[in-house]
Structure formats: structure tokens, C-alpha cells
Amino acid sequence: MYSTFDNKQENEESAGVEVYSKTVRAGKRTYFFDVKATRNDDYFLTITESRKKIGKDGNFTYDKHKIYLYKEDFAKFAEGLNEVISYIKENKPEFFNNSDVEFTSIDEEFDTL
């Protein structure tokens, strides 16, 4: 049995037209950032984490987790993510020293779109 929340996700996912997509490979995980448009041309974002797993039979499977982010939450989400990344960067700068990618804030990334 599906909940109302499940039905809302299914409807928006099937109605959503992909507008932009970014794939980030990070070790054993791959992140997919997909911007989709609703029938009313509103944008929403799906963030999917995919991890490759080896089953008992030796075959590969993928464990996926998905987050739906809606336009009314973009600013608060970006603010919260920037805050926690800044905290980590300040308290554990060594986590960023070996990175090939320079961290920029989400606000800076949104400005480039």
C-alpha cells in the first residue's frame, strides 16, 4: 500500500522533465543531482546516492537513497548545507587538504546557473 507521500513522489517523478543533471563519483558512492521541471514549469531537485554492493552470489547490486528538494526549500537547504560544511572545514581542515576539488558555497553554485 502506498502512502500519500509515496504517490506524490511517483507523480512528480513521472511528470518531471529532466532539465539538468550532474553526476559526482566519490569513491564507492555516486551522487546524482537531477533538476526536473513539473508540468507547471516549477523546478525540483532530486539527490540520489548510489552505492555499489556485492551480493552473496557475487553479483553487483546498487543501494540507492533519494531526496526530493522542492523550490520553497532551496534557500534553507543551501544555508544549512553551507553552515555544516563551513563548520567541518573550520574544525577539520585536513578533510579538505587532499581534495582535488576546491569547495565553493552552494550560493556561489546557484549564482552560476
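Heads up: the structure comes first, above all this text.
Keep in mind that what you see is a predicted model, and the values were worked out from it rather than measured. (Residues numbered from 1 in each chain as written. Predicted model: local features only at pLDDT ≥ 70, side-chain atom pairs only at ≥ 80, totals over all residues. Heavy atoms only, no water.)

Caption draft 1: Looking closely at the overall build of the protein chain. Across its full length, the protein chain holds 4 helices and 4 strands. Along the protein chain, helices (α) and strands (β) appear in the sequence α-β-β-β-β-α-α-α when read from the amino end. The burial tally for the protein chain puts 19% of its 113 residues in the buried class. By sequence separation, contacts in the protein chain at least 24 residues apart represent 20% of the contacts at least 6 residues apart. (Helix = DSSP H or I, 4+ residues; strand = E, 2+ residues; numbered from the N terminus. Buried < 20%, exposed > 50% of the residue type's maximum accessible area, 1.4 Å probe, protein only. Contact = heavy atoms within 4.5 Å.)

Caption draft 2: Up close: the packing of aromatic side chains. With the rule as written, the count across this model stands at 1 aromatic pair. Looking at Lys 89, its charged tip hangs above the ring of Phe 96, at a distance of 5.7 Å from the centre. (Phe/Tyr/Trp six-rings, centres within 6.5 Å; stacked < 30°, edge-to-face > 60°. Lys NZ or Arg CZ within 6 Å of the ring centre and 35° of its normal.)

Caption draft 3: Main features of the sheet that holds strand S3 (residues 43–54). Read across the open sheet, the 4 strands follow the order S1-S2-S3-S4; overall the sheet is antiparallel. Bordering the open sheet on either side are strand S1 (17–26) and strand S4 (60–70), each of which pairs with just one other strand. Across the sheet, the axes of successive neighbouring strands diverge by a mean angle of 20°, strand direction being ignored. Bridge analysis of S1 against strand S2 (residues 29–37) gives 9 bridges, and the strand direction is antiparallel. Considered in S2, the bridge of Arg 25 is made with Thr 30. Across the face of the sheet, helix H2 (residues 74–91) comes into contact with S3 and S4 while running at roughly 50° to S3. (Pairing = 2+ DSSP bridges. Axes fitted to C-alpha atoms, helices over the stretch in contact; angles between N-to-C directions.)

Caption draft 4: Expanded view of the pairing of S2. In sequence, S1 turns back onto S2 through a hairpin of 2 residues, with Gly 27 there showing a positive phi of about 65°. In this sheet, S3 lies alongside S2 in antiparallel orientation, the contact comprising 9 bridges. Its bridge partner lying in S3, Lys 36 is registered against Phe 44. Between S2 and S3, which pair antiparallel one after the other, the connecting turn spans 5 residues, and Asp 41 there sits at a positive phi close to 65°.

Caption draft 5: A look at the side chain of Asp 34. The topology assignment puts Asp 34 in strand S2. No salt bridge is formed by the buried Asp 34. Its closest oppositely charged neighbour is Lys 36, at 5.5 Å. A distance of 2.5 Å separates a polar atom in the side chain of Asp 34 from a polar atom in the side chain of Ser 21. Beyond its immediate sequence surroundings of up to four residues, Asp 34 is in contact with Glu 18, Tyr 20, Ser 21, Phe 44, Leu 45 and Thr 46. (Lys, Arg positive; Asp, Glu negative; His and termini not counted. Salt bridge = Lys/Arg side-chain N within 4 Å of Asp/Glu carboxyl O. Polar contact = N/O pair within 3.5 Å; in protein donor to acceptor, adjacent residues only side chain to side chain.)

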